[in-house]
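Listed below, chain by chain, are the residues.
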Amino acid sequence: MAELTGSPLLAEADVHVWQIDLADARLDRLAGSLSPDEVDKAARLHTPELAQQYRRCRAALRCILGRYTQQSPDTVVLEYGPYGKPCLPDASLHFNLSHSERYALVALARDPVGVDIEGTGRAGINPAELASLLFHPEELAAMASIAPEHRAAYFYALWTRKEAYSKRLGLGFQLDLCDVSFEATAGGWRVCDPAHSQALAYCRELEGAPDGYLASVCTAHAGAAIGIADAAPWFD
């Protein structure tokens, strides 16, 4: 696992992952960088807590993208794919954002990248019920075969992997995750997706995720150098 030192230099097969603590009130000072449509979206969210979380996520994202593109966060232009995935006009830099409860992750790479983080103690989540909607039949059988106390960890690891892959493609709910499975490789998993067999992709569980969370990254490179660092020093 590569370590980040705060440098925005990104090599061809690298993935940089920046961890954001959404309890960091300094992010509120960066809210002025949000675009009018982001401000409007925050205002439409159902609770003040969700609105604050959204504003902080987008402010952190703009701060990070500004570092990599060498521009002010408020001048960063975001475009959106057909299913809503944000992207930069310059296709030489790709990114993806994921958040769950207190934490968010931003992954950056030279090729399309996906990242997903999930809190493993979330209330109202029934792993067995969700697995029936998300998992391949062989994965359901594997989950049923392991000891009950280990099934939640198996579920979250597999769920983050599938979500990271879906987010890399930018398809969202258009992708049937039940059809997606994985083949173990050295240090990770190769994605097996009959519907998108041309989009060769590899997933890896992200070491260094916060306690109580699991996260996965999906990239085009089997041997990608993946580094994670805390983005907090960039918010001063």
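Quick note: structure is the one above.
Bear in mind that the values here come from a model prediction, so they are computed numbers and not experimental data.

Parameters and conventions
- Residues numbered from 1 in each chain as written.
- Predicted model: local features only at pLDDT ≥ 70, side-chain atom pairs only at ≥ 80, totals over all residues.
- Heavy atoms only, no water.
- Helix = DSSP H or I, 4+ residues; strand = E, 2+ residues; numbered from the N terminus.
- Buried < 20%, exposed > 50% of the residue type's maximum accessible area, 1.4 Å probe, protein only.
- Contact = heavy atoms within 4.5 Å.
- Areas by Shrake-Rupley, 256 points an atom, 1.4 Å probe, with all protein chains shown as cover.
- Lys, Arg positive; Asp, Glu negative; His and termini not counted.
- Charge placed at Lys NZ, Arg CZ, Asp CG, Glu CD.
- Phe/Tyr/Trp six-rings, centres within 6.5 Å; stacked < 30°, edge-to-face > 60°.
- Lys NZ or Arg CZ within 6 Å of the ring centre and 35° of its normal.
- Core = buried A, V, L, I, M, F, W, Y, C linked by side-chain atoms within 4.5 Å.
- Pairing = 2+ DSSP bridges.
- Axes fitted to C-alpha atoms, helices over the stretch in contact; angles between N-to-C directions.
- Salt bridge = Lys/Arg side-chain N within 4 Å of Asp/Glu carboxyl O.

Trainee: Sorry, what's going on with the overall build of the chain here?
Mentor: What the chain contains, in helices and strands, is 5 helices and 12 strands. Taken along the three principal axes of its C-alpha coordinates, the chain extends 50 × 40 × 35 Å. In the chain, which comprises 236 residues, the proportion classed as buried is 47%. If you take every contact in the chain between residues at least 6 apart in sequence, the share linking residues at least 24 apart comes to 59%. Put simply, the chain shows about 11500 Å² of open surface, and 54% of that area lies on carbon and sulfur atoms. Between the mean site of the 20 positive side-chain charges and the mean site of the 31 negative ones, the chain shows a separation of 3 Å.

Trainee: Help me understand the environment of Arg 55 in this model?
Mentor: Mapping Arg 55 onto the fold places it in helix α2 (residues 48-69). In the structure, Arg 55 is positioned 14 residues away from Lys 41 in sequence and 9.2 Å away in space, judged by C-alpha atoms. The contacts of Arg 55, once residues within four sequence positions are left out, are Leu 34 and Ala 42.

Trainee: Just checking my understanding: could you explain the packing of aromatic side chains for this structure?
Mentor: Any pair of aromatic rings gets described here by the distance separating the centres and the angle formed by the planes. This structure, assessed with the given rule, holds 8 aromatic pairs. Relative to Trp 234, the ring of Trp 18 has its centre 4.4 Å away and its plane inclined at 35°; by these criteria the two rings are tilted. One end of the pair, Trp 18, is in strand β2 (residues 14-21); the other, Trp 234, is in the segment after β12 (225-230), with 216 residues separating them in the sequence. Members of the aromatic cluster, connected to one another through ring pairs, are Phe 135, Tyr 154, Phe 155, Tyr 156 and Trp 159. Stacked on the ring of Phe 182, the Lys or Arg Arg 161 has its end atom at 5.0 Å from the ring centre.

Trainee: Please explain the nonpolar core as it appears in this structure.
Mentor: Trp 18, Ile 20, Ile 64, Leu 65, Tyr 68, Leu 108 and Phe 235 are the most contacted members of the largest nonpolar core, which has 25 residues in total. Listed by contribution, the elements that provide at least two residues to this core are β2, α2, β5 (94-100) and β6 (103-109). Take this core: its biggest share by element is 7 residues, from α2. Those residues in contact with Leu 65 that sit more than four places away from it in its chain are Val 76, Leu 78, Leu 88, Phe 95 and Leu 108. Membership of the second largest hydrophobic core comes to 21 residues, among which are Met 143, Phe 155, Phe 182 and Ala 201.

Trainee: I'm lost on the sheet that holds strand β9 (residues 188-192) in this one. Help?
Mentor: Backbone hydrogen bonds hold the strands of a sheet together, and the pairing may be parallel or antiparallel. Taking strand neighbours across the sheet as the criterion, the 5 strands line up as β7-β11-β10-β9-β8 in an open arrangement whose pairing is antiparallel. Strands at the two margins of the open sheet, each flanked by one partner only, are β7 (114-119) and β8 (181-185). Along the sheet, successive strands turn relative to each other by an average axial angle of 25°, direction set aside. Relative to strand β11 (residues 213-219), strand β10 (residues 202-205) runs antiparallel, the two sharing 4 bridges. Paired with Tyr 202 across the strands is Thr 219, a residue of β11.

Trainee: Help me out: how do you make sense of the side chain of Glu 118 in this one?
Mentor: Of note, Glu 118 is situated in strand β7. Under the relative-accessibility criterion, Glu 118 is labelled buried at 7%. With residues up to four places along the chain from it excluded, the contact list for Glu 118 reads Ser 100, Tyr 156, Trp 159, Thr 160, Gly 212, Tyr 213 and Leu 214.

Trainee: I'm lost on the pattern of salt bridges in this one. Help?
Mentor: Two side chains that carry opposite charge are able to pair once their charged atoms sit near each other. Using the criterion set out here, one finds 8 salt bridges in the structure. Residue Arg 58 is joined to Glu 38 by a salt bridge in which the shortest nitrogen-to-oxygen separation is 2.9 Å. Placement of the pair is Arg 58 in helix α2 and Glu 38 in helix α1 (residues 36-44), with a sequence separation of 20 residues. By relative accessible area, which is 8% here, Arg 58 ends up buried. Residue classification places Glu 38 among the buried positions, given a relative accessible area of 1%. Residue Arg 62 is joined to Glu 38 by a salt bridge in which the shortest nitrogen-to-oxygen separation is 2.8 Å. With Arg 62 in helix α2 and Glu 38 in helix α1, this residue pair connects regions lying 24 residues apart in the sequence.

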